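# Residue-level structure breakdown
Take a look at the letters that make up each chain.
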Amino acid sequence: SSLPLPYNTGMVSTKIDPVAFYHLNKLKDVQFFHEQKIGKLKYISNYVPVRDESGKEYAYLNIPYFESESKLKDEISNFLVTIINLNAFIFLMAGIIALFITNRITRSFYIITNKMKEINIGKVNEEIIWKRKDEIGELVNEYNKMVKKLDVSAVLLARSEREGAWREMARQVAHEIKNPLTPMKLNLQYLQMAIDTNSPNVKDISLYVAKILVEQIDHLSQIATDFSQFADLERTKYQVFDLNESIKQVSSLYSINAKLAIALSLYEEKIMIRADRTQINRLLTNLIQNAIQSVPESRSAEIEIETKYLNSKVILSVKDNGTGIPENMTSKIFTPNFTTKTSGTGLGLAMCKGIVEKLEGKIWFETKENEYTIFFVELPVIEN
C-alpha cells in the first residue's frame, strides 16, 4: 500500500470483503475494484486472485489505494481541461478556416453582385473574368452568356424603339397635317365653284377662303415648329443665367392680352442655373401657354408664377384657374402626342419633361377639376 499507517494501526480488517470474495470466488472475476470506507475515509481496494502453476486459485491479493479518489478526480479534471482546450482550439481553427472560406466565397459573390448592379441596357456591359473552374466559375459563365444576350437584345430593342418612334412620329405628322388640309381643300373647292358659276359675291367668298387658308397655314407652321423643337432637344448650348430674369422676359410677352393676368412671386435674389436659355424659354412658354389654354373663355385667365429656393434647388410653379385635368388623364399628361385640346400636337408637356430631365430636374403637377392646375419644376441651382 502507499500508506502503511492503516496496517500498522490495525485499521484495516484481516477479513476479505464479502462482496469482493463473491466476485472473485463465485463469479470468477479476474479483477475486482471496490470502494470501501473506514469511518469517513473512502478508498479504493483492488482485489485479484493468486494462482499456482496449474491455474488454481490459492489466495486473494488486496491492495488498498487511499489516494486514488483525489488523484482520480485530478486526472479526470486534467483530462476534461485537456479535452476542453483541444475542442476550443479545434473550434477556433474551424472558425478561422470557415471565415477564410466564407470571405473568399462572399468576395466572389460581391464582385458578381456589383457587376449585376452595373448592368444597363443603354451601355456596353463588361464580362467577369474568372479563371478557376469551380461552381462560381459556372455561375460567372452563365452571367457572361446573359450579358452577351442582353447586349444583342439591347441593340434589337433600340432599333425596334427607333423604328416604332419614327412610325409613330410619321403617323402623328400625317394626322396633324391632314387635319388642316381637309378644310383647306373644301374651301378651295367652294371658291372654285363660286368662280365657275360667276357668283356675285365671289369677292366676299375669296376673302373668307383666304382667311381660312391663312389660319390653317399658321396651324401647319405651328405643327412644324413643335416637331422641330421636339427634335432639337439634343442640341443643347449650356450657359449660366438668372432664371427669374427669363421668367420676367417670357411673361412680359403676354402683357398685351387684356383677358390675362400674370402675377409673379419670385425669389428676392438671383437664381443662377446652368442650362440652354432657349430651351428654358420654351419650357416657360409651354407652361404658360398650357395654363392659358386650360382656362375656359367664360372666365379671365389668372396665372400665378412663383420661384422658391430650397436645398440648392429652385422650385418653379405655374398655377392657373382653369378647368383642371380629369383623373383618367393624369397618367398620360407627359406622354408625347397626347393632348386634352381639340387641336395641337401634344408635344408641349412632353418637351417640357425632356428639357427638365436633361437638366437632372423633376416636373410634376397638382390639379383639382374645375378649379386649378399647378405645374412644378425643380432644377439644380449654381451656387455663388
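Quick note: structure is the one above.
Summarised in this report is the structure supplied together with it. (Residues numbered from 1 in each chain as written. Predicted model: local features only at pLDDT ≥ 70, side-chain atom pairs only at ≥ 80, totals over all residues. Heavy atoms only, no water.)

## Some thoughts on the overall build of the chain
Convention followed: Strands here mean DSSP runs of E at least two residues long; helices mean DSSP runs of H or I at least four residues long; both are numbered from the N terminus. Type-normalised accessible area, obtained with a 1.4 Å probe on protein chains alone, sets the label of each residue: buried when under 20%, exposed when over 50%, and partly exposed for intermediate values. Residue contacts follow a heavy-atom distance rule, with two residues in contact if any of their heavy atoms lie within 4.5 Å.
Within the chain, the secondary structure is distributed over 8 helices and 10 strands. Residues classed as buried in the chain amount to 29% of the 384 residues present. Across the chain, the fraction of contacts at a sequence separation of at least 24, relative to all contacts at a separation of at least 6, is 60%.

## So, the pairing of strand β2 (residues 41-51)
The condition that has to hold: Whether two strands pair comes down to DSSP finding at least two bridges between them.
Pairing of strand β1 (residues 32-38) with β2, which is carried by 7 bridges, proceeds in the antiparallel orientation. In the strand pairing of β2, H34 is matched with S45. What sits between the antiparallel neighbours β1 and β2 is a turn of 2 residues, in which G39 has the positive phi angle 65 degrees. Connecting the antiparallel pair β2 and strand β3 (residues 57-65) is a turn made up of 5 residues, with G55 showing a positive phi of about 90 degrees.

## Let's talk about the packing of aromatic side chains
The criterion, for reference: Between 30 and 60 degrees the pair is tilted, below 30 it is stacked and above 60 it is edge-to-face, where a pair is any two Phe, Tyr or Trp rings, Trp via its six-membered ring, whose centres lie within 6.5 Å.
Taken as a whole and judged by the stated rule, the model has 4 aromatic pairs. When the centroid spacing of 5.4 Å and the interplanar angle of 15 degrees are considered together, the rings of W364 and F376 count as stacked. With a gap of 12 residues between them, W364 in strand β9 (residues 362-368) and F376 in strand β10 (residues 372-380) connect regions that are remote in the sequence. Ring plane angle 40 degrees and centroid distance 5.5 Å describe the contact between F365 and F375, whose orientation is recorded as tilted.

## Description of the sheet that holds β3
Note the cut-off: Working convention: axes come from line fits to C-alpha atoms, limited for helices to the stretch in contact. Angles between N-to-C directions cover 0 to 180 degrees.
One open sheet accounts for 3 strands, arranged β1-β2-β3; its pairing is antiparallel. What marks the edges here is a single partner per strand, and that holds for β1 and β3. Across the sheet, the mean angle from the axis of one strand to that of its neighbour is 30 degrees, orientation sign disregarded.

## Considerations on helix α6 (residues 243-252)
Where we set the bar: Taken from the helix axis, the directions to the C-beta atoms give the arc we talk about. Nitrogen and oxygen atoms within 3.5 Å of one another constitute a polar contact, given that in protein one can donate a hydrogen and the other can accept it, and given that sequence-neighbouring residues count only through two side-chain atoms.
L243, N244, S246, I247, V250 and S251 are the residues of α6 that are buried. End-on view of α6: buried residues confined to an arc of 160 degrees, all on one side of the axis. Each element contacted by the buried residues of α6 is listed here: β4 (239-242), β5 (260-265), β6 (272-275), α7 (277-293), β7 (301-310) and β8 (313-320). Capping of α6 at its N-terminal end is provided by D242; its side-chain oxygen lies 3.2 Å from the backbone amide nitrogen of N244.

## Focus on a nonpolar patch on the surface
What counts is decided by this rule: Here a patch means residues that are over 30% exposed by relative accessible area and free of salt bridges, tied together within 9 Å if like-charged and within 5 Å if nonpolar (Val, Leu, Ile, Met, Phe, Trp, Tyr). All accessible-area figures derive from a Shrake-Rupley calculation using a 1.4 Å probe, and residue coverage is judged against the displayed protein chains alone. Any carboxyl oxygen of Asp or Glu within 4 Å of a side-chain nitrogen of Lys or Arg constitutes a salt bridge here.
A cluster of nonpolar side chains, namely L86, F89, I90, L92, M93, I96, I97, F100, I101, I105, F109 and L139, defines an oily patch on the protein surface of about 1,100 Å² accessible area. When residues in the nonpolar patch are grouped by element, the largest group, 11 residues, is from helix α3 (residues 68-117). Within the secondary structure, L86 sits in helix α3. Assessed through its relative accessible area of 44%, L86 is described here as partly exposed.

## Some thoughts on the packing of α6 against α7
Note the following rule: The labels follow the angle: roughly parallel below 35 degrees, roughly antiparallel above 145, roughly perpendicular from 65 to 115, and oblique for the rest. Two helices that cross are described as forming a left-handed crossing if the nearer one is turned anticlockwise from the farther one by less than a right angle, and a right-handed crossing if clockwise.
Orientation of α6 relative to α7, taken along the N-to-C sense of each, is 50 degrees, at an axis distance of 10 Å. It follows that α6 is oblique to α7 by the angle criterion. Considering only the axes of α6 and α7, their crossing is right-handed. Between α6 and α7, the residues in contact are L243, S246, I247, V250 and S251 and R277, I280, N281, L284, T285 and I288, respectively.

## Let's talk about unusual backbone geometry
The phi dihedral of K28 falls on the positive side, at around 60 degrees, and the residue is not glycine. Tracing the chain through its elements places K28 in the loop between α2 (18-26) and β1. What makes K28 exposed here is its relative accessible area of 52%. Positive phi, normally seen in glycine, also occurs at S312, with a value near 60 degrees. If you trace the backbone, S312 turns up in the loop between β7 and β8. Using a relative accessible area of 35% as the deciding quantity, one classes S312 as partly exposed.

## Some details on the nonpolar core
To keep things clear, this is the line we draw: The set of buried Ala, Val, Leu, Ile, Met, Phe, Trp, Tyr and Cys residues whose side-chain atoms join them within 4.5 Å is what this entry labels a nonpolar core.
Membership of the largest hydrophobic core comes to 38 residues, with the highest contact counts inside it found for I273, I280, L283, L287, F375, V377 and L379. Sorting the residues of this core by element identifies α6, β6, α7, β7, β8, α8 (348-358), β9 and β10 as the ones contributing at least two each. Here this core takes 7 residues from α7, the largest share from any one element. Ignoring any residue separated from it by four or fewer positions in sequence, one finds V377 in contact with L283, L287, V314, I315, L316, V356, K362 and I363.

## Description of the sheet that holds β10
Ordered by their spatial adjacency, 5 strands build an open sheet running β5-β7-β8-β10-β9, and the pairing between neighbours is mixed. Edge strands, defined here as strands with exactly one partner in the open sheet, are β5 and β9. Averaged over all neighbouring strand pairs, the angle between strand axes comes to 15 degrees, with direction disregarded. Of the pairings in the sheet, the one linking β9 to β10 comprises 7 bridges and is antiparallel in character. Its bridge partner being in β10, I363 is matched across the sheet by V377.

## Focus: the environment of Y208
Relative to the assigned elements, Y208 resides in helix α5 (residues 202-231). For the pair Y208 and L191, spaced 17 residues apart in sequence, the C-alpha separation works out to 9.3 Å.

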